[in-house]
Amino acid sequence: MDQYGAESEVRAGEPRRVPVVWSPETRRHDPRNEVWVGVATIGTETAARVDAILVALRAAGHDLVEATPQPADALLAVHDAELVEHLRTAAERWAAGPYAELVGQERVVPYLFPTPAMTAGLPARPAVAIHADAGRFAYDTMTLVGPGTWEAARAAADCAVQAAGLVTDGAPLAYALCRPPGHHATPSGFGGSCYLNNAALAAHTLRAGGAARVGIVDLDAHQGNGTAAIFYDRADVCYGSVHVDPGAGWFPHVVGYADETGTGPGEGATRNLPLAEGTGDEAWLAAVADLADWVADCDALVVSLGVDAAKDDPESPLQVTADGYREAGRLLRATGLPAVVVQEGGYHLPTLGGLVAAYLAGHARGGPR
Ligand SMILES: [Zn+2]
């Protein structure tokens with residue numbers, strides 16, 4: 001047995017230790033109370049997730065690398081400038097408003113959503129009040145912006161960009177400990193506990209570094225509607241996801257279906273593989289193997305590593321085990337592609353770190369069965 005607790009299959013030159021790019025700034029976001037179907041619930045996307053993962057990856061012998069601030073180019077390549085500006089200033093605008101006296105809480109909660117059903121073809125003007133303006137960008141009521149949210153989201157984005165830079169510079173595999181997660185953030189909107197799309201930033205950085213085509217494989221229990229939207233009409237970035245069927249009543253509910261395959265030049269470059277509630281390792285890994293084959297002719301890989309498909313996770317009904325995640329890592333390693341692994345969901349603190357370590361052990365070691 002070796003440091004990963006796995007039988008040794010390593011060949012000379014294969015990576016054992018993976019650079020783990022992280023930032024203490026990612027602890028600064030505190031969701032506190034999400035608003036879910038009219039009630040305030042305790043958020044599960046907490047700063048403790050960062051430490052659960054750090055402890056496990058340090059124990060596994062990986063190399064911790066603290067992120068440094070990265071240029072904003074990638075951010076503005078995948079997101080509208082108005083969204084970025086909103087996220088940067090929303091907490092300050094709330095603090096400058098009457099809310100401390102009115103409602104006594106400092107999280108920006110959207111109150112109005114200017115959907116086409118409201119505006120009926122008229123242009124939606126930016127609302128003056130921040131509680132009315134927030135719905136221009138937020139598409140749910142459980143992804144709140146408070147003091148520190150921007151700093152944490154920006155630091156998570158830096159982790160993704162820096163990890164992708166390491167791979168561009170020749171590392172076969174790098175891991176970005178992104179928190180808050182990112183795959184539900186769309187070009188112009190945020191939701192699903194995500195603010196900036198870290199996986200899309202990694203893919204953009206790999207493209208800018210010379211990879212002609214980048215494949216993204218999303219293992220999170222929920223479809224990454226934001227990543228899918230960002231690349232839906234592009235052929236140079238393929239997006240494939242295995243997730244619990246939104247048609248069974250799961251986030252993101254209104255997209256993430258198998259017949260969404262891309263549009264225009266991106267036709268055929270999106271794949272959604274929805275699974276039934278209760279699905280375990282066997283069918284989940286078959287879908288992962290399918291996606292691994294599908295992206296194998298790309299030049300570089302981004303893995304959206306959500307570990308909330310695990311059986312103990314409170315946020316999904318999938319039943320994947322740690323061995324399943326290790327095998328998923330092995331399957332994606334077998335593509336032979338240089339890879340950036342970006343953290344997405346995973347909310348069961350007692351098992352979270354071990355699941356991430358298991359995936360990385362599989363991906364770092366890989367090789368034939
Ligand atoms: Zn998820």
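The shown structure was predicted, so the numbers you read here are calculated from the model rather than taken from an experiment.

*Asks:* For this particular structure, what's the right way to read the environment of C298?
*Replies:* By the element assignment, C298 lies in the loop between helix 10 (281-295) and strand 9 (300-305). As a C-alpha pair, C298 and L337 span 39 residues in sequence and 7.7 Å in three-dimensional space. Each residue touching C298, except ones within four places of it in the same chain, is listed here: R213, V214, G215, C238 and L337.

*Asks:* Can you help me understand the pattern of salt bridges in this one?
*Replies:* Side-chain pairing between opposite charges can occur once the charged atoms of the two side chains come close. Counting across every chain of the model gives 21 salt bridges. Put simply, D51 and R27 hold a salt bridge, and the shortest N to O gap is 2.8 Å. Placement of D51 in helix 1 (residues 48-59) and of R27 in the loop between strand 1 (19-22) and strand 2 (33-36) is noted, with a sequence separation of 24 residues between them. Overall, D51 belongs to the partly exposed group, its relative accessible area being 28%. Note that R234 and D236 form a salt bridge whose closest N and O atoms lie 3.0 Å from each other.

*Asks:* Sorry if this is basic, but what is going on with the coordination of the zinc ion here?
*Replies:* Each donor-metal-donor angle would ideally measure 109.5 degrees in four-coordinate tetrahedral geometry, or 90 or 180 degrees in six-coordinate octahedral geometry. Taken together, D220 (OD), H222 (ND1) and D308 (OD) make up the full set of protein donors to the zinc ion, lying 2.0 to 2.2 Å away. Positions of the donor residues of the zinc ion along the chain correspond to the pattern D-x1-H-x85-D. In this pair, the class of D220 matches that of H222, namely buried.

*Asks:* Explain the packing of helix 11 (residues 322-333) against helix 12 (residues 349-365) to me, please; I cannot follow it from the model alone.
*Replies:* The relative placement of two packed helices is expressed as an angle between their axes plus a distance between the axes. Between helix 11 and helix 12, the least distance of the axes is 7 Å, while the angle of their chain directions is 30 degrees. The angle between helix 11 and helix 12 places the two elements in the roughly parallel class. Here helix 11 runs over helix 12; the crossing is right-handed. Side by side, helix 11 and helix 12 meet where A322, Y325, R326, A328, G329, R330, L332 and R333 of the first sit next to L355, A358, Y359, A361, G362, H363, A364 and R365 of the second. Considering only residue class, the contact of helix 11 with helix 12 consists of nine nonpolar, three polar and four charged.

*Asks:* Please clarify how unusual backbone geometry should be interpreted in this entry.
*Replies:* Excluding glycine, a negative phi dihedral is what most residues carry, and trans is how most peptide bonds are arranged. Cis geometry marks the peptide bond from R179 to P180, where omega comes out at 5 degrees. A cis amide bond links F251 with the next residue in sequence, P252, at an omega value of 5 degrees. One can find P252 in the loop between strand 7 (237-244) and strand 8 (270-275). One non-glycine residue, A120, adopts positive backbone phi at about 50 degrees. Considering the arrangement of structural elements, one finds A120 in the loop between helix 5 (116-119) and helix 6 (130-133). In this model, S193 sits at a positive phi of 65 degrees, which is unusual for a non-glycine residue.

*Asks:* Explain the environment of E315 to me, please; I cannot follow it from the model alone.
*Replies:* Note on placement: E315 falls in the loop between strand 9 and helix 11. Note: C-alpha distance between E315 and W250 (65 residues apart in sequence) is 9.5 Å. Those residues in contact with E315, other than ones at most four positions away along the chain, are T44, H222, W250 and Y347. A polar contact of 2.8 Å, which involves the side chain of E315, links it to the side chain of T44.

*Asks:* In this structure, what is going on with the sheet that holds strand 10 (residues 339-343)? I would like to understand it.
*Replies:* One key point about sheets: their strands pair by backbone hydrogen bonds, in either a parallel or an antiparallel sense. In space, the eight strands of this open sheet follow the order 4-1-5-10-9-6-7-8, with parallel pairing throughout. Of all strands in the sheet, those bounded by a partner on one side alone are strand 4 (63-66) and strand 8. Neighbour to neighbour, the strand axes of the sheet diverge by 20 degrees on average, direction disregarded. Strand direction decides the pairing type here: strand 1 and strand 4, joined by four bridges, are parallel. Note on strand 4: the bridge partner recorded for V21 is V65.

*Asks:* What is the right way to read helix 10 from this model?
*Replies:* In an α-helix, one turn spans 3.6 residues, which is why side chains three or four residues apart end up on the same side. In a regular helix each residue adds 1.5 Å, so 15 residues correspond to 21 Å; helix 10 covers 21 Å between its end C-alpha atoms and thus fits that length. Regarding helix 10, the residues found buried are W284, L285, A287, V288, L291, A292 and V295. Across the axial projection of helix 10, the buried residues extend over an arc of 155 degrees, all falling on one side. Along helix 10, exposed side chains directed more than 90 degrees from the buried face belong to E282 and D293. Turning to helix 10, the residues buried within the fold contact strand 6 (214-218), strand 7, strand 8, strand 9 and helix 11.

*Asks:* Please clarify how the nonpolar core should be interpreted in this entry.
*Replies:* Generally speaking, a soluble globular protein has its nonpolar side chains buried in company with each other. Core analysis: the biggest nonpolar cluster contains 51 residues, and L87, F190, L206, V302 and V340 have the highest contact counts within it. No other element matches the ten residues that helix 7 (residues 149-168) contributes to this core. Setting aside residues no more than four positions away along its own chain, V302 makes contact with A199, A202, A203, L206, V214, G215, I216, V217, V340 and V342. Among the nonpolar cores identified, the runner-up in size contains 50 residues, and Y175, C238, V295 and L360 belong to it.

*Asks:* Please explain the packing of helix 10 against helix 11 as it appears in this structure.
*Replies:* The N-to-C vectors of helix 10 and helix 11 enclose an angle of 15 degrees; their axes lie 9 Å apart at closest approach. On the basis of their axis angle, the class for helix 10 and helix 11 is roughly parallel. Between helix 10 and helix 11 the crossing geometry is right-handed. Across the interface between the two elements, D281, W284, L285, V288, A289 and A292 of helix 10 pack against G324, Y325, E327, A328, L331 and L332 of helix 11.

Conventions and cut-offs
Residues numbered from 1 in each chain as written. Predicted model: local features only at pLDDT ≥ 70, side-chain atom pairs only at ≥ 80, totals over all residues. Heavy atoms only, no water. Helix = DSSP H or I, 4+ residues; strand = E, 2+ residues; numbered from the N terminus. Contact = heavy atoms within 4.5 Å. Salt bridge = Lys/Arg side-chain N within 4 Å of Asp/Glu carboxyl O. Buried < 20%, exposed > 50% of the residue type's maximum accessible area, 1.4 Å probe, protein only. Donors = N, O, S within 2.8 Å, 3.2 Å for Na, K, Ca; no water. Axes fitted to C-alpha atoms, helices over the stretch in contact; angles between N-to-C directions. Parallel < 35°, antiparallel > 145°, perpendicular 65-115°, else oblique. Left-handed = near helix turned anticlockwise from the far one by under 90°. Nonpolar A, V, L, I, M, F, W, Y, C, P; charged D, E, K, R; others polar. Polar contact = N/O pair within 3.5 Å; in protein donor to acceptor, adjacent residues only side chain to side chain. Pairing = 2+ DSSP bridges. Expected span 1.5 Å × (residues − 1). Arc of directions from axis to C-beta. Core = buried A, V, L, I, M, F, W, Y, C linked by side-chain atoms within 4.5 Å.

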